[in-house]
Structure formats: C-alpha cells, structure tokens
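# Observations on the model geometry
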Amino acid sequence: MTVPEKPQEQTPAPKDVPQDRMGVSPIVYGTSAFAQLYNPIKAHWPAEACKRAIDLGINTFDTSPYYGNSEHVLGKALQSISETHPRSTYYLSTKVGRYGLKRVEFDYSKERVRESVEESMGRLQTDYLDIVYAHDVEFVSVESAVEAVTELFRLKAAGKIKYVGISGYPLPYLLALIPVLHERVGQKLDIIMTYCHYNLHNTLLQDYIDNFKDLGIQNVWSASPVSMGLLRSHTPAPAWHPAPPRLLSAVQDCIEIVDKQTPGKDLAEVAVKFAMRWKGCEGLVLGMSNAEEVEQNISWWNQCRSGEKDEAQERDEEAVRRRLRSFEKMEWSSPPIDDC
C-alpha cells in the first residue's frame with residue numbers, strides 16, 4: 001500500500017480481491033465514522049474516501065447495523081464508484097446481533113440473524129457478504145451465541161456469506177467461548193475481532209494471539225488503536241467512554257508530553273503508528289472520515305513498515321508508554337446495557 005508520489009498520474013485500475021481465500025489488506029477501513037459517531041462528516045466524503053482507499057490498497061470495509069446509518073452510507077458510496085471500483089475489488093464485513101445500547105436491542109435468534117444478513121445486504125447493495133461477526137458476544141448467553149453462530153454457518157453454506165466470526169472486548173471471555181462454540185456448532189470460526197487491546201495504554205492482545213491461533217483462529221483483527229477516541233489531542237474522548245478517571249487523567253498528561261516534545265503533533269499519530277508497527281494480527285481496523293485521512297494512514301503505514309528510523313516517534317512513544325505503564329494489562333468494565 002503506497003501513496004503515489006505524483007497524484008496527477010492516473011491511478012491503475014484496482015485489482016480483484018482473492019475469492020478462494022481471505023486476502024484482506026493489513027489495514028481494514030472501519031466505517032463507523034460514516035455514522036458521525038466521533039465527528040461530523042460531509043456528504044461527499046464517504047465516496048471519495050472509499051475510492052481513495054481501494055486505489056491505495058485497502059480492500060476491506062467493516063461496518064455494522066449498530067453503527068447508526070453506516071451500512072447505508074457505505075453502500076451508497078460504493079455503489080457510486082462501482083463503474084470503476086466494482087464489488088469484486090473489495091471485501092465487505094458486517095455484524096449481527098447488536099442493534100442498540102440496551103439489552104433488549106440484542107437479538108441473537110436464528111430468525112433475526114438471517115433477517116439481519118438480508119437487511120445488511122440490502123443496505124450495502126450486494127448479494128453476498130464476505131465476513132459476518134456475531135457482535136459483542138460478551139453481552140449474551142452462551143446459548144444465544146451458539147444459536148447465532150450456527151445460523152451464520154448455515155448462511156455460509158447457502159453462499160450468502162463467506163466467513164463467520166465473533167467480535168467482543170474481554171479477551172479472557174473470548175478465549176473461553178471459542179472452544180465451546182467450536183464444539184457445539186461443529187465448525188471452527190474463521191475470524192475474530194476485538195478492540196482497544198493493542199494501543200499505547202493496553203497491549204493485552206499480544207498475550208492472547210498464540211492462544212487464539214492454537215484454537216484454530218487463523219485471522220484476528222485488532223480495532224481502535226486510538227482507543228475509541230481516547231488517544232487524540234484535539235478532540236475530547238466521548239462522554240460515554242468507559243475508561244476510568246485515572247486513565248483519562250493520564251492521557252491528558254500524554255497529550256501535553258507529546259506537544260512539548262514534538263510541538264503540533266497529535267497523540268493520535270503516536271497511537272496509530274504504535275499499532276501499525278505490530279505484526280501480530282491480520283487486520284488493523286482504522287476509522288477514517290475522508291480521503292485525506294486515508295492518505296495520511298497509508299503514509300504512516302509505509303513509514304512504519306519501511307524499517308526507517310523515526311526518532312521523533314520513538315521518543316514520543318517511549319515517554320507516553322512510560323506514563324501509561326500502570327494500565328498496560330488493564331481491561332475496563334464494559335458499559336452497562338440494562339433496560340432503564
């Protein structure tokens with residue numbers, strides 16, 4: 001994945017993605033930003049961003065019905081560029097089971113799973129989905145997870161989806177649930193996704209990767225290297241963020257540390273580059289709002305994977321990691337999902 005040195009030159013036509021295997025790009029485009037969950041976006045941004053992403057080698061888009069109107073916006077954007085960037089040039093990843101904040105807005109029943117897949121295909125304007133996750137499995141019973149995953153495998157057998165996975169936050173629970181699902185469903189999951197577990201304040205995922213591989217999970221995605229908007233200099237963390245007060249305070253110190261050492265540099269750059277240098281997962285899910293952010297992330301990726309020394313990054317990263325060391329293996333409590 002490389003940003004062309006001369007933007008005026010015509011970009012070659014994008015290549016078709018492999019259909020006989022999962023050939024996901026190392027950067028996965030997280031499209032929750034299209035629902036304006038973190039910051040406002042302009043109407044023309046999604047189509048421009050999707051086109052630029054595919055041109056620069058990002059071939060996978062991740063979304064969910066839980067992310068507001070993200071599926072609809074993504075589907076419309078991809079349809080608008082379909083003449084030059086057809087469906088064969090990218091993978092689509094979405095989720096089932098979670099549709100809101102409250103417990104009553106989770107539905108892992110086989111009927112709802114099947115209906116949800118059909119709805120997602122409609123919004124995304126496609127007749128198949130590449131990857132479908134059971135979304136946030138820690139909030140439902142094991143029985144419900146078994147029912148949903150079993151139905152996803154039925155849909156895989158029917159050709160509606162190609163790969164089946166689960167997503168969630170607490171790594172110990174995911175590790176315990178996977179063998180139960182494998183035994184009771186009778187098939188092994190193709191992929192899992194977790195979030196906020198490889199970033200400047202938490203690298204717990206690297207302790208679990210080998211365990212997931214030992215269970216037969218060949219593809220692990222790590223999402224949110226900026227920790228759901230926490231690790232940014234100029235935009236406050238969302239009010240709903242589950243980080244404890246001590247961590248929130250420490251992050252403010254890190255913002256000041258980076259600004260003092262490298263004036264004008266955003267903590268988000270330090271965070272994203274830190275995650276990009278880790279080679280332990282198959283997909284790094286990055287939220288991006290527009291084409292400029294796509295180009296910036298590809299540029300950072302090329303820097304991180306080139307092997308060239310980045311003294312400013314190393315200095316900032318070391319200072320920030322030192323301040324956040326006490327949170328290294330901490331998992332916060334998931335937000336409550338009661339019905340009040």
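Residues numbered from 1 in each chain as written. Predicted model: local features only at pLDDT ≥ 70, side-chain atom pairs only at ≥ 80, totals over all residues. Heavy atoms only, no water.

## Details of the sheet that holds strand 4 (residues 129-134)
The strands that make up a sheet pair up through hydrogen bonds in the backbone, lying either parallel or antiparallel. Read around the closed barrel, the eight strands follow the order 1-2-3-4-5-6-7-8; overall the barrel is parallel. With strand direction ignored, the average angle separating the axes of adjacent strands in the sheet is 30°. By the bridge criterion, four bridges tie strand 1 (residues 27-30) to strand 8 (residues 283-287) in an arrangement that is parallel. Note on strand 8: the bridge partner recorded for Val-28 is Val-285. Set on the sheet, helix 6 (residues 205-214) makes contact with strand 6 (191-195) and strand 7 (220-223); between it and strand 7 the angle comes to about 160°. (Pairing = 2+ DSSP bridges. Helix = DSSP H or I, 4+ residues; strand = E, 2+ residues; numbered from the N terminus. Axes fitted to C-alpha atoms, helices over the stretch in contact; angles between N-to-C directions. Contact = heavy atoms within 4.5 Å.)

## Considerations on the pattern of salt bridges
Considering all chains together, one arrives at 23 salt bridges under this definition. Lys-309 is the partner of Glu-314 in a salt bridge, and the nearest nitrogen-oxygen pair spans 3.0 Å. The exposure class of Glu-314 is partly exposed, given its relative accessible area of 37%. Under the relative-accessibility criterion, Lys-309 is labelled exposed at 60%. Several salt bridges converge on common partners, so that one network encompasses Arg-112, Glu-115 and Glu-119. (Salt bridge = Lys/Arg side-chain N within 4 Å of Asp/Glu carboxyl O. Buried < 20%, exposed > 50% of the residue type's maximum accessible area, 1.4 Å probe, protein only.)

## Section: the nonpolar core
A general tendency of soluble globular proteins is for nonpolar side chains to be buried together. In this structure, Phe-61, Ile-166, Leu-189, Phe-212 and Leu-267 are the most contacted members of the largest nonpolar core, which totals 94 residues. For this core, the leading source of residues is helix 8 (residues 267-276), giving eight residues. Setting aside residues no more than four positions away along its own chain, Phe-61 makes contact with Tyr-29, Thr-31, Cys-50, Ala-53, Ile-54, Leu-74, Leu-78, Tyr-90, Tyr-91, Leu-92 and Ser-93. Grouped together as the second largest cluster of nonpolar side chains are 13 residues, Val-17, Met-22, Tyr-133 and Ile-191 included. (Core = buried A, V, L, I, M, F, W, Y, C linked by side-chain atoms within 4.5 Å.)

## Topic: unusual backbone geometry
In this structure, Gln-125 is a non-glycine residue whose phi angle is positive, near 55°. Unusually for a residue other than glycine, Cys-196 sits at a positive phi of about 60°. Its location among the elements puts Cys-196 in the loop between strand 6 and helix 6. We classify Cys-196 as buried; its relative accessible area is 0%.

## Side note on the packing of helix 2 (residues 70-80) against helix 3 (residues 110-124)
With their axes 7 Å apart at the nearest point, helix 2 and helix 3 run at an angle of 40° to one another. Taken together, the axis directions place helix 2 and helix 3 in an arrangement best described as oblique. In this structure, helix 2 uses Glu-71, His-72, Leu-74 and Gly-75 to contact helix 3, whose residues at the interface are Ser-120, Arg-123 and Leu-124. Of the residues that constitute the contact of helix 2 with helix 3, the class distribution is two nonpolar, three polar and two charged. (Parallel < 35°, antiparallel > 145°, perpendicular 65-115°, else oblique. Nonpolar A, V, L, I, M, F, W, Y, C, P; charged D, E, K, R; others polar.)

## Quick word on helix 9 (residues 291-305)
Between its first and last C-alpha, helix 9 extends 21 Å over 15 residues, near the 21 Å set by a 1.5 Å rise per residue. Taken together, the buried positions of helix 9 are occupied by Ala-291, Val-294, Asn-297, Ile-298, Trp-300, Trp-301 and Cys-304. Buried residues in helix 9 make contact with strand 1, helix 1 (45-55), helix 8 and strand 8. Its side-chain oxygen placed 3.2 Å from the backbone nitrogen of Glu-292, Asn-290 serves as the N-cap of helix 9. Two residues or fewer past helix 9, Gly-307 is found with a positive phi of approximately 85°. (Expected span 1.5 Å × (residues − 1). Polar contact = N/O pair within 3.5 Å; in protein donor to acceptor, adjacent residues only side chain to side chain.)

## As for the side chain of Thr-94
Inspection of the secondary structure assignment puts Thr-94 in strand 3 (residues 91-96). The buried category is assigned to Thr-94, whose relative accessible area is 1%. At a separation of 2.6 Å, a polar atom in the side chain of Thr-94 contacts the side chain of Glu-71. Residue contacts for Thr-94: discarding those within four places in its chain leaves Asp-62, Thr-63, Ser-64, Pro-65, Glu-71, Ser-120, Leu-129, Ile-131, Val-132 and Tyr-133.

## Digging into the pairing of strand 4
Extensive coverage of strand 4 is indicated by the burial of six of its six residues. As paired elements, strand 3 and strand 4 share four bridges and run parallel to each other. Bridge pairing in strand 4 links Lys-95 to Tyr-133. Where the polypeptide runs from strand 3 across helix 3 and back to strand 4, its parallel neighbour, the crossover connection is right-handed. Relative to strand 5 (residues 161-167), strand 4 runs parallel, the two being bridged by five bridges. Looking across to strand 5, one finds that Val-132 is bridged to Val-164. Handedness of the crossover joining strand 4 and strand 5 through helix 4 (residues 142-157): right-handed. (Right-handed = clockwise from strand over helix to strand, strands pointing away.)

## Description of the packing of aromatic side chains
A complete count under the given rule lists eleven aromatic pairs for this structure. Ring centres of Tyr-29 and Phe-34 lie 5.6 Å apart, and the angle between their planes is 55°; this geometry places the pair in the tilted category. Phe-34 matches Tyr-29 in its accessibility class, with the two residues each being buried. Each ring, one from Phe-61 and one from Tyr-90, has its centre 5.8 Å from the other, and the planes form 85°; the classification is edge-to-face. Of this pair, Phe-61 sits in strand 2 (residues 60-62) while Tyr-90 sits in the loop between helix 2 and strand 3, placing them 29 residues apart in sequence. Feature note: the residues Tyr-29, Phe-34, Phe-61 and Tyr-90 constitute an aromatic cluster, connected by ring pairs. We note Arg-87 situated over the ring of Tyr-128; from NZ or CZ to the ring centre the distance is 4.0 Å. Arg-112 extends its terminal NZ or CZ atom over the ring of Tyr-99, reaching a point 4.4 Å from the ring centre. (Phe/Tyr/Trp six-rings, centres within 6.5 Å; stacked < 30°, edge-to-face > 60°. Lys NZ or Arg CZ within 6 Å of the ring centre and 35° of its normal.)

Shape descriptors only; they carry no functional weight alone.
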